[in-house]
Amino acid sequence: MKIIHSVEALRQAVKTEKKVGKSVGFVPTMGFLHEGHMSLVKAAKKDNDFVVASIFVNPTQFGENEDLDAYPKDLEGDQNKLEQEGVDILFYPTVEEMYPKGYSTYVSVEGDMTGVLCGSSRPGHFRGVATIVTKLFNMVAPDRAYFGQKDAQQVSVIERMVKDLNMDLEIIPCPIHREADGLAMSSRNTYLNEKERKDALVLSQSLFEAKETILSGERRANKIIEGIIDKISTVDYAIIDYVEIVDALTLHKIDEIKGDILIAIAVKVGKPRLIDNLRLEV
Ligand code: AMP
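The next subject is the pattern of salt bridges. Counted according to the given criterion, the structure contains 14 salt bridges. Between Arg122 and Glu66 there is a salt bridge, and its shortest N-O distance comes to 2.6 Å. Separated by 56 residues along the polypeptide, Arg122 in the loop between helix H6 (118-121) and helix H7 (125-140) and Glu66 in the loop between strand E3 (50-55) and helix H3 (75-84) bring together distant segments of the chain. A salt bridge links Lys253 to Glu244; the nearest nitrogen and oxygen atoms lie 3.4 Å apart.

This is the structure:
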């Protein structure tokens, strides 16, 4: 696996492979890789002749009081994992390489899609995401890019952006990878102490219980939301950011559970703010 730090070298390396007709898969990440990330890499390896992964903790998608400086890092561990999985290039740029002096251009997906869920509690977050993902797409020029449903709203925003800006690639959404006990894998789980790690199970459990309630016939979104809040509130120090049920495609809030729906939650459990979701066809 080649480790590349500069945009120019990355472009050259990918061009060489494309010239001989290879398809290129791309997996963007912020590092501290776990099996959730690796499931994206595996999917990319399966579908493409050549795979590029990136590690970049993108400052423009973090708010002022968020964990940018504390974001966990393990470059050596990440390198080993990517190498073992047969990734061809790891792109690992500096902030200066991505945002050189004088940088002034941003991509913003406007409207309802970015005004709900994480968009309303993390203003500017999706502008940062859309900007860095556009830049990375322009640098790698992949045929396919892989994103996790763990960040369901991110997938929707990126799919919207790709469609709106006529970007010439396919977005491949990949299922949420969970720990054996149900906790959605996340680099931020490393912030949890032993007790918080146990208590954090209320997130996935509340979603699984909501699914059961829906499958047994409940169609009122507010009842389902109440049930989730009650479950999460059994952990007295958990702080709920949001519990929402939306149409999975438009991300509009719904009152009646019907069609392709997304139940999305964000909860602070001790230090980290954790997100989880469940998509259901009713
Ligand atoms: P991050 O490093 O958190 O920016 O994540 C990089 C990519 O991995 C994003 O597309 C995430 O949605 C995806 N990802 C993170 N955690 C998981 C997970 N538990 N299951 C599936 N994909 C994930």
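Now that the structure has been shown, we can carry on.
Close contacts around the ligand come from 17 residues, with Met30, His37, Asp151, His177 and Met185 the closest. A distance of 2.9 Å is found between an oxygen atom of the ligand and a backbone nitrogen or oxygen belonging to Met30. Within the complex, 92% of the 480 Å² of free accessible area of the ligand lies under protein. Among the residues making up the shell around the ligand, the classes are represented as eight nonpolar, seven polar and two charged.

Our focus in this paragraph is the layout of surface pockets. Taken as a whole, the second largest pocket holds about 230 Å³ of empty space. By residue class, the composition of the lining of the second largest pocket is 12 nonpolar, two polar and three charged.

What follows concerns the packing of aromatic side chains. Counted according to the given criterion, the structure contains six aromatic pairs. Centre to centre, the rings of Tyr99 and Tyr103 are 5.0 Å apart; their planes meet at 90°, and the pair counts as edge-to-face. Each ring, one from Tyr103 and one from Tyr106, has its centre 5.6 Å from the other, and the planes form 85°; the classification is edge-to-face. Pairwise contacts between aromatic rings join Phe56, Tyr99, Tyr103 and Tyr106 into one cluster. If you follow Arg127 out to its NZ or CZ, it ends over the ring of Tyr106, 4.0 Å from the centre.

Reading guide: rules and limits
Residues numbered from 1 in each chain as written. Predicted model: local features only at pLDDT ≥ 70, side-chain atom pairs only at ≥ 80, totals over all residues. Heavy atoms only, no water. Salt bridge = Lys/Arg side-chain N within 4 Å of Asp/Glu carboxyl O. Helix = DSSP H or I, 4+ residues; strand = E, 2+ residues; numbered from the N terminus. Near = heavy atom within 4 Å. Polar contact = N/O pair within 3.5 Å; in protein donor to acceptor, adjacent residues only side chain to side chain. Areas by Shrake-Rupley, 256 points an atom, 1.4 Å probe, with all protein chains shown as cover. Nonpolar A, V, L, I, M, F, W, Y, C, P; charged D, E, K, R; others polar. 1 Å grid on protein atoms, 1.4 Å probe; cavity = no way out; pocket = protein on both sides within 12 Å on 5 of 7 lines; lining within 4 Å. Points joined across faces, edges and corners; volume = space filled by probe spheres on them. Phe/Tyr/Trp six-rings, centres within 6.5 Å; stacked < 30°, edge-to-face > 60°. Lys NZ or Arg CZ within 6 Å of the ring centre and 35° of its normal.

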